[in-house]
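# Structure at a glance
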Number of protein chains: 6
Amino acid sequence: MEGRHPQDSLVVMTELVLPNDTNLYGNLMGGRLMYWMDIAAALAAGKHCNAPVVTASVDNISFESPIKLGNVVHIEAKVTRAFNTSMEIHMKVWGEDFTHQYKYKSNEAYYTFVALDPNRKPRPVPTVIPQTEEENKLFDGALRRRQLRLILGGKMKPNDAQELMALFMKD
Amino acid sequence: MEGRHPQDSLVVMTELVLPNDTNLYGNLMGGRLMYWMDIAAALAAGKHCNAPVVTASVDNISFESPIKLGNVVHIEAKVTRAFNTSMEIHMKVWGEDFTHQYKYKSNEAYYTFVALDPNRKPRPVPTVIPQTEEENKLFDGALRRRQLRLILGGKMKPNDAQELMALFMKD
Amino acid sequence: MEGRHPQDSLVVMTELVLPNDTNLYGNLMGGRLMYWMDIAAALAAGKHCNAPVVTASVDNISFESPIKLGNVVHIEAKVTRAFNTSMEIHMKVWGEDFTHQYKYKSNEAYYTFVALDPNRKPRPVPTVIPQTEEENKLFDGALRRRQLRLILGGKMKPNDAQELMALFMKD
Amino acid sequence: MEGRHPQDSLVVMTELVLPNDTNLYGNLMGGRLMYWMDIAAALAAGKHCNAPVVTASVDNISFESPIKLGNVVHIEAKVTRAFNTSMEIHMKVWGEDFTHQYKYKSNEAYYTFVALDPNRKPRPVPTVIPQTEEENKLFDGALRRRQLRLILGGKMKPNDAQELMALFMKD
Amino acid sequence: MEGRHPQDSLVVMTELVLPNDTNLYGNLMGGRLMYWMDIAAALAAGKHCNAPVVTASVDNISFESPIKLGNVVHIEAKVTRAFNTSMEIHMKVWGEDFTHQYKYKSNEAYYTFVALDPNRKPRPVPTVIPQTEEENKLFDGALRRRQLRLILGGKMKPNDAQELMALFMKD
Amino acid sequence: MEGRHPQDSLVVMTELVLPNDTNLYGNLMGGRLMYWMDIAAALAAGKHCNAPVVTASVDNISFESPIKLGNVVHIEAKVTRAFNTSMEIHMKVWGEDFTHQYKYKSNEAYYTFVALDPNRKPRPVPTVIPQTEEENKLFDGALRRRQLRLILGGKMKPNDAQELMALFMKD
């Protein structure tokens, strides 16, 4: 199984914010955005490993700017790194108001997916070979984020998370 | 108002075919695809003219390959040419099965949108400046397609459609 | 397989325009209307041939009057003519505002469907026997529209479309 | 305000049963059908009185035959009688399987709607003038059903429901 | 098969009223509420009998206070009594406006469900053992409501409905 | 503004997994579950502060057991602690199969909401007064989770996160 480039898994999704997607302020509901992000990330993961995938976890997401009714949502999803049977997907989300020619960042997030074989057991996925500077940075950070996930999920002791510890200690 | 390139209006949409989008054969319903195409085209038109737009007409669409449940729908929409207050949008649609690494063309289509001012009256839009060979071909064909639309809509006599006549006469 | 009358395939659909069906102007989105028309036409085709059907193509549609939020959409669909394994469906669409007792034409369209046998191969359908003057006119025009579809789909040369040529030459 | 015929308020609705409308047996969920019936009845009431209407009550509904995934739902709604500011709507519901040419009755029901003026207060509606035998029967029965509704809603004592009592005493 | 307490089947459902759930007044449509109530009742019935269930009938429902866009809908569903293969479910529905700290009753209703075996035939369900005063009252009333259902469905003559007659005669 | 108990903000949500909520394996999609959790959490936050709220952030979520088509989703949401204008909501999610009488934990999560005044500016919310042992534990942990959110969002340096550091250092 040959490694693949993050660019090969790029998925670009564009959605229009309709009335039923909004709260009483006419802004996109956080939950609706997470739903779209889950689909975008699943498609990027499926594109990387050519197998069915299921959502394993979602990292901390912080919602910065509200996206308005009638505005456009842009989601770009790309695999950052693979860990045997799982893949981390990085997403960037923007809102855009075409009439006012105004494009604004909404948030960034990491979702993790697991690939499944026909018996619904986890199966190995291709490794990721980063190319650009940004892809290398995302690849390196993936290990720290994975340790954080394991600690938060109670599957690793903080002391064993060397990569993460280094981050906390660094300045 | 300066002219713009077709590339500036490019919208890439990616959708996953879910159970409620399919007919009894588990294939994407034509009407559901036309709904997504209408949104993709409206976004490309809005991106070109930075104003609200409404669907004016849809050209003949022919559905070639069915897109299956769980497959991905790719839509690429781009403005081909502007006619004072209206814009023609060209779309290409593919289906893709990630598991089998199989991508197939579904159909191509032209939608026409009109830009509106705050009083909901048609307002002028920027002209289109094609750059690539394909964009030039689409730009040239737009006049013939517009004449055909006007004839089919009963707004032009066939004899006045010189561009279109030439096509019918040519071989 | 006996021929059938267009009236036998009549399907009457009535829908209410809800918030999620509308654009920022509170008018029914073109794509949502095409979705409903696809279902109405599929039902008329299925009623004519008593077999599963799939959308093959959609002719040029021109949207005349916008239909408002809270208004009613009326769709009437009827088979016009059969061509071995395919059927052309004609639809008329009106909007209606009950409070103001105002009914207005929205558009007209032709969709084409193919009937399938249990192996998903095209299967023959009953012929259409028009009865009223309008049904006869629609039946006659169906041949020209079919030639136009074949030309637009690149499956017929313009010079071979005798029915259609006559139309272009006539005045 | 002149009286109107039940036929003037007739609404014919046709819906296709899609996957998300069904339970685990692939049959239309009762709640989804009641939702469509509510819209059909609201449209018939609005057509009768040319004013906005809201659902006031729904009579006992009994679901006879399940309607299958991919089958068609037919709803016919018509005003039976008006009571100052409210209208009773009668509906008949059928399922249909085009492939097997099988049409079957699903259920019948009565919904009651109230008409509202621009201040959202109940406003008078036209009386109903039944014409056919069936319409006369529905018109006569409407009084009994209204008494039953008032008793069940705790707004009338059983002893005051003379029309209804006669029914219980009759054989 | 041991009897069970109504409390064991309690289902609490909480829904937010979104734009597409409302009519032109911004109030929850009756049909949408009946859809949610059908699901809540089906879940309570399924919890009581641990088998798949289908909606058999819905009793008279009267809609008292409209529930507004952005308000919350509370539904509490509980089995009241079982009749061999069927169960009556009682539901209470409230609306709530968190901002104004205002909670208001919307309506009450009874739905009846039938339990099915793997061949889709009705199968026996556990009896219901009421505990509280309110549960006892609902248990007792269930017989009268059942007789009313049978009469309204044409399956029992009014004279045979002794429980119901007693109610009509009592004052 | 008086403090309030977590119990006062409890929201219990019950949803049925329908076909359009599932992936190709017939299991609930992660994104759909996050959408429901966002609504449940928003309702709990609104109940605590009696003001409109918007999603500010979502903590790491790990999906343990898949929830199947036709199964029931239970969500319990409760405020754990308030930080001036924001509230942390804790949620527990279970799946349940009534037929097999099998209830299983799906996941746990923390969402953070901000309360808004009529000018859409953050406004203070009541403090939280935990009562049970579990509520006290959640209240204490809220500070550490908040520091982690601030670090992950780039708004706090790791060295300033004393509560969090203690956790990492403790064994």
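To start, this report covers the structure provided alongside it. Quick caveat, the model's predicted, so the values are computed rather than measured.

### Concerning the overall build of chain A
Each helix and strand counted, chain A has three helices and six strands in total. The linear arrangement of helices and strands in chain A, starting from the amino end, is β-α-β-β-β-β-β-α-α. In terms of overall dimensions, chain A is globule-like: its C-alpha atoms have a radius of gyration of 17 Å, near the 16 Å expected for 171 residues. Overall, chain A is about 50 × 45 × 30 Å in size when its C-alpha atoms are taken along their principal axes. Across chain A, the fraction of contacts at a sequence separation of at least 24, relative to all contacts at a separation of at least 6, is 69%. Of the roughly 7200 Å² of accessible surface on chain A, 50% is carried by carbon and sulfur atoms. If you average the places of the 20 positive and of the 20 negative side-chain charges in chain A, the two averages end up 5 Å apart.

### Notes on helix α1 (residues 30-49) of chain D
Residue and element names in this part refer to chain D. Spanning 20 residues, α1 covers 29 Å between terminal C-alpha atoms, matching the ideal 28 Å at 1.5 Å per step. Within α1, 17 of the 20 residues are buried, leaving the element largely enclosed by the surrounding structure. Trailing α1 by a residue or two, asparagine 50 shows a phi angle of about 50°, which is positive.

### Section: the interface of chain F and chain B
Counting residues at the interface gives five residues for chain F and five residues for chain B. Between chain F and chain B, roughly 410 Å² of surface is buried when both sides are summed, and carbon and sulfur atoms account for 70% of that area. Contact with chain B buries area across many residues of chain F, yet F:Asn20, F:Leu24 and F:Met29 alone supply 80% of it, more than any other trio. The interface formed by chain F and chain B holds zero salt bridges in total. At the surface where chain F touches chain B, the tally comes to one residue pair in polar contact (both at pLDDT 80 or more).

### Digging into the side chain of F:Thr112
You can see F:Thr112 is positioned in strand β6 (residues 102-115). Among residues more than four places away in sequence, those in contact with F:Thr112 are F:Val54, F:Thr55, F:Ala56, F:Ser57, F:Ser86, F:Met87, F:Glu88 and F:Arg149.

### Regarding the sheet that holds strand β2 (residues 53-58) of chain A
Hydrogen bonds between backbone groups are what pair the strands of a sheet, and the pairing can be parallel or antiparallel. Taking strand neighbours across the sheet as the criterion, the six strands line up as β1(A)-β4(A)-β5(A)-β6(A)-β2(A)-β3(F) in an open arrangement whose pairing is antiparallel. On the outer flanks of this sheet lie β1 (11-16) of chain A together with β3 (61-62) of chain F, each paired with one strand and no other. Sheet topology note: the strand β4 (residues 72-83) of chain A/strand β5 (residues 86-97) of chain A ladder contains 11 bridges and is antiparallel. Among the inter-strand pairings, A:Glu76 is bridged to a residue of β5(A), identified as A:Lys92. Along the sheet, helix α2 (residues 133-152) of chain A contacts β2, β4, β5 and β6 (102-115) of chain A; its crossing angle with β4(A), the most-contacted strand, is approximately 75°.

### Regarding the relation of the copies chain A and chain F
With an RMSD of 0.0 Å, the operation that places chain A on chain F is a rotation of 180° combined with a shift of 0.0 Å along the axis. When the rotation and shift are considered jointly, the pair of chain copies conforms to a two-fold rotation axis. Relative to the rotation axis, the closest C-alpha in chain A is found at A:Asn60, a distance of 2.3 Å. Of the interface residues in chain A, 97% have counterparts in chain F that sit at the interface too, so the contact is made through matching surfaces.

### Side note on the interface of chain A and chain F
Every contact between the two is made by 39 residues of chain A and, on the other side, 38 residues of chain F. Taken together, both faces of the contact between chain A and chain F bury some 3500 Å²; the carbon and sulfur share is 61%. The interface formed by chain A and chain F contains zero salt bridges. Across the contact surface, chain A and chain F share eight residue pairs in polar contact (both at pLDDT 80 or more). When contributions to the side of chain A that touches chain F are tallied by element, the ones reaching two or more residues are α1 (30-49), β2, β3 (61-62), α2 and α3 (162-169) of chain A. Split into classes, the residues belonging to the side of chain A that touches chain F amount to 21 nonpolar, nine polar and nine charged. When β2(A) meets β3(F), the two strands line up antiparallel, connected through two bridges. Note on β3(F): the bridge partner recorded for A:Ser57 is F:Ser62.

### Re the pairing of strand β4 (residues 72-83) of chain D
Where burial is concerned, most of β4(D) is hidden: 11 out of the 12 residues are buried. In textbook terms, the turn of a hairpin is the stretch between consecutive antiparallel strands, and for β4(D) and strand β5 (residues 86-97) of chain D this stretch comprises two residues, one of which, D:Asn84, has a positive phi near 60°.

### A closer look at the pattern of salt bridges
Scanning the entire structure with this criterion turns up 42 salt bridges over all chains. For C:Arg149, the salt bridge goes to C:Glu88, with nearest N and O atoms at 2.4 Å. Of this pair, C:Arg149 sits in helix α2 (residues 133-152) while C:Glu88 sits in strand β5 (residues 86-97), and the two are 61 residues apart along the sequence. Accessibility expressed as a relative area gives 11% for C:Arg149, which makes it buried. A salt bridge links D:Glu134 to D:Lys92, with the shortest nitrogen-to-oxygen separation between them at 3.0 Å. Within this pair, whereas D:Glu134 is found in helix α2 (residues 133-152), its partner D:Lys92 is found in strand β5, the two being separated by 42 residues in sequence. Owing to a relative accessible area of 37%, D:Glu134 belongs among the partly exposed residues under this scheme. In this structure, a network of salt bridges that share partners links the residues A:Asp59, A:Glu88, A:Arg145 and A:Arg149.

Thresholds applied
- Residues numbered from 1 in each chain as written.
- Chains lettered and ligands numbered in written order.
- Predicted model: local features only at pLDDT ≥ 70, side-chain atom pairs only at ≥ 80, totals over all residues.
- Heavy atoms only, no water.
- Helix = DSSP H or I, 4+ residues; strand = E, 2+ residues; numbered from the N terminus.
- Rg over C-alpha atoms; globule rule 2.2 N^0.38 Å.
- Contact = heavy atoms within 4.5 Å.
- Areas by Shrake-Rupley, 256 points an atom, 1.4 Å probe, with all protein chains shown as cover.
- Lys, Arg positive; Asp, Glu negative; His and termini not counted.
- Charge placed at Lys NZ, Arg CZ, Asp CG, Glu CD.
- Expected span 1.5 Å × (residues − 1).
- Buried < 20%, exposed > 50% of the residue type's maximum accessible area, 1.4 Å probe, protein only.
- Buried area = accessible area lost by both parts, 1.4 Å probe.
- Salt bridge = Lys/Arg side-chain N within 4 Å of Asp/Glu carboxyl O.
- Polar contact = N/O pair within 3.5 Å; in protein donor to acceptor, adjacent residues only side chain to side chain.
- Pairing = 2+ DSSP bridges.
- Axes fitted to C-alpha atoms, helices over the stretch in contact; angles between N-to-C directions.
- Least-squares fit on C-alpha atoms with pLDDT ≥ 70 in both.
- Nonpolar A, V, L, I, M, F, W, Y, C, P; charged D, E, K, R; others polar.

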